[in-house]
Amino acid sequence: MTPDSEAALAEAVEGAKDTLRIQGGGTRPIGHAEGEVLSTAGLSGIELYEPGALTLVAKAGTPVAVIEAALAKENQRLPFEPMDHRALLGTSGEPTIGGVVATNASGPRRIQAGACRDSLIGVRYVDGQGGVIKNGGRVMKNVTGYDLVKLLAGSYGTLGVLTEVGFKVLPGIEATATLVLHGLDVTRAVEAMSKALGSPFEISAAAHFPETGKTTLRLEGFEASVKYRMAQLRALLDGFGDMEEVLGNASKEHWVAARDVTHFAGVEGDIWRVSVKPSDAAGVIKHLPDGARLSLDWGGGLIWVVAPRGADIRAAMNGIAGHATCLRGNAATFHPESAPLAAISQGLREKFDPRGILNTGLMG
C-alpha cells in the first residue's frame with residue numbers, strides 16, 4: 001500500500017486486519033518486521049521552508065536529496081549529516097526524510113551538532129489505531145511537546161507512521177579541512193581523537209580506519225578560522241606521528257564516504273553497529289572474532305563491524321556497557337533491552353499501538 005495523503009494513510013492503518021510493515025524508501029531495513037508493506041513514499045513534498053527562520057517542514061516520503069537540494073540553494077544544511085545506508089547494506093531505492101527520522105540516522109557530525117532528534121522540532125504521525133497526532137511546531141519559537149517529538153525519532157515505525165517532519169536547519173559551511181594521522185593503533189587513535197575533541201578547536205568529526213592506519217579529524221567554518229585551528233591542532237597532536245592535511249573537495253569526499261561506510265560496500269558478512277564509550281572501544285575490538293573488519297566514528301564511540309556470518313558480536317562486549325545492533329544478517333535485530341527498559345518500551349508501544357500492528361517483530 002502506498003497512500004497518497006495522510007488521510008488515506010490513516011484510513012489504511014485504521015482498517016488494517018493484520019500487521020503492517022512500515023517503509024519509506026526501503027533503504028534502511030533492519031530486523032524481521034512482519035506484515036503487508038505500508039509505504040510513505042506517496043507522501044512527498046516540502047510543506048514549508050523559511051530560510052530566514054532556519055526551519056523546514058516536509059512530508060515524510062520526501063526524498064532526502066530533494067531536501068538537501070532545496071537547502072543548498074539557500075546555502076543551508078541539515079545539521080546532523082544524515083547517513084545513506086545503501087552502499088553499506090546493499091539496498092536500492094531512494095532514502096526519505098521520514099526514514100531518516102524513524103531511524104534517527106546521524107552522520108559523523110553528531111559529535112558536534114547532535115543526532116537527528118536534536119534538530120527535530122515537530123512531527124505529524126498516525127498511531128496504531130489510525131488517529132492523526134501532531135506534536136511540536138513548525139518554527140522553533142513555538143515548539144511544544146519536545147519530548148514526544150524526540151521519542152518518535154529512532155522508534156523505527158513501532159510507535160506510529162510518520163507523515164510530516166519539521167527541522168531547524170543551519171547555514172552552510174564555507175571551508176572544510178581534514179587532518180590525517182598515520183600509523184596509529186586503535187588505542188593511540190582514540191587517545192588522539194579524544195585529545196582533539198577535548199580541545200577548543202571545534203572538531204566536527206573524528207574517525208579511525210584500522211585497515212589503512214589512518215585517523216582523520218575534520219575542521220569546518222570560515223576559511224581563516226579553519227586555517228588557524230588546523231595549525232593549532234597540529235601543534236596539539238605533535239607526538240602522534242606523521243600528519244597530512246586534506247583540503248576542500250577531497251576533505252568533503254572523505255567524510256561522505258566515512259558517513260556512508262562505503263569502504264565496506266559489497267563486503268560479505270554480517271553488518272554490526274556497536275555503540276560504546278570511546279575509551280571502551282579497544283576493549284571491544286580485542287574480543288572481536290577472527291576475520292572481522294572494522295572502522296570507528298564519533299571519536300571511537302561508534303564501531304562499524306563486518307563479521308563472519310553468524311558471529312555473536314555482543315559477546316565481544318564482554319560486560320562493557322553499550323549497544324550492538326545487527327543491521328544485516330540472520331541475527332539482525334536491536335540490542336536486547338534491560339528488564340526495566342523493556343517494560344517501559346512495551347508500555348509505550350501498548351499506548352501508541354494497542355493492536356500491535358506496526359512493525360511487529362522488529363524489536364524482538
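Everything in this summary refers to the structure shown in the same document. (Residues numbered from 1 in each chain as written. Predicted model: local features only at pLDDT ≥ 70, side-chain atom pairs only at ≥ 80, totals over all residues. Heavy atoms only, no water.)

Of regular secondary structure, the chain possesses 13 helices and 17 strands. At 21 Å, the chain has a C-alpha radius of gyration in line with the 21 Å of a compact globule built from 364 residues. Structurally, the chain occupies a C-alpha span of about 65 × 50 × 35 Å along its principal axes. Residues classed as buried in the chain amount to 49% of the 364 residues present. For the chain, the proportion of contacts with a sequence separation of at least 24, taken over those separated by at least 6, is 71%. Carbon and sulfur atoms form 51% of the exposed surface of the chain, whose accessible area is close to 15600 Å². Distance between charge centres in the chain, computed from 35 positive and 40 negative side chains, equals 3 Å. (Helix = DSSP H or I, 4+ residues; strand = E, 2+ residues; numbered from the N terminus. Rg over C-alpha atoms; globule rule 2.2 N^0.38 Å. Buried < 20%, exposed > 50% of the residue type's maximum accessible area, 1.4 Å probe, protein only. Contact = heavy atoms within 4.5 Å. Areas by Shrake-Rupley, 256 points an atom, 1.4 Å probe, with all protein chains shown as cover. Lys, Arg positive; Asp, Glu negative; His and termini not counted. Charge placed at Lys NZ, Arg CZ, Asp CG, Glu CD.)

What follows deals with the side chain of Ser251. Within the secondary structure, Ser251 sits in helix α10 (residues 248-260). Every residue in contact with Ser251, bar those within four places of it in the chain, is listed here: Thr176, Ala177, Thr178 and Val246.

This part takes up the pairing of strand β14 (residues 270-276). Within β14, 5 of the 7 residues are buried, which leaves it mostly tucked inside the rest of the structure. Across 6 bridges, the pairing between β14 and strand β16 (residues 302-307) is antiparallel. In the strand pairing of β16, Ser275 is matched with Leu302. The sheet contact formed by β14 and strand β17 (residues 322-328) spans 6 bridges and is antiparallel. (Pairing = 2+ DSSP bridges.)

This paragraph deals with the environment of Trp298. Structurally, the position occupied by Trp298 is in the loop between β15 (293-297) and β16. Note: C-alpha distance between Trp298 and Ser194 (104 residues apart in sequence) is 9.9 Å. Those residues in contact with Trp298 that lie beyond four places of it in its chain are Ser106, Gly107, Pro108, Arg110, Ile111, Ala206, Arg273 and Pro278.

Turning our eyes to something else, we now look at the pattern of salt bridges. Tallied over the entire structure, the rule returns 13 salt bridges. Note that Arg218 is salt-bridged to Glu81, the shortest N-O span being 2.9 Å. Of this pair, Arg218 sits in strand β12 (residues 214-221) while Glu81 sits in the loop between β5 (76-77) and α3 (86-89), and the two are 137 residues apart along the sequence. Accessibility classification places Arg218 together with Glu81 in one group, the buried group. Each of Glu81, Arg109, Arg218 and Glu220 takes part in salt bridges that share partners, so that together they form one network. (Salt bridge = Lys/Arg side-chain N within 4 Å of Asp/Glu carboxyl O.)

Turning our eyes to something else, we now look at the environment of Lys17. Along the chain, the position of Lys17 falls in the loop between α1 (6-14) and β1 (20-23). Look at Lys17 and you get exposed, because its relative accessible area is 82%.

Moving on, we get to the side chain of Asp84. Turning to its location among the elements, Asp84 is positioned in the loop between β5 and α3. Among the polar contacts listed, one links the side chain of Asp84 to the side chain of Arg86, at a separation of 2.7 Å. In this structure, Asp84 is in contact with Arg28, Pro95, Arg259 and Asp260, ignoring residues within four places of it in sequence. (Polar contact = N/O pair within 3.5 Å; in protein donor to acceptor, adjacent residues only side chain to side chain.)

Another point: the sheet that holds strand β3 (residues 46-50). Spatially, β3-β4-β8-β6-β7 is the arrangement adopted by the 5 strands of the open sheet, whose pairing is antiparallel. Only two strands of the sheet have a single partner each, and these edge strands are β3 and β7 (132-136). Taking each pair of neighbouring strands and ignoring which way they run, the sheet shows an average axis angle of 10°. Note that strand β6 (residues 120-126) and β7 share 5 bridges and pair antiparallel. Bridging across to β7, Val123 finds its partner in Asn135. Strands β3 and β4 (55-59) of the sheet are contacted by helix α2 (residues 64-73), whose axis makes an angle of about 25° with β3. (Axes fitted to C-alpha atoms, helices over the stretch in contact; angles between N-to-C directions.)

These results come straight from atomic positions and should not be treated as a statement about function.
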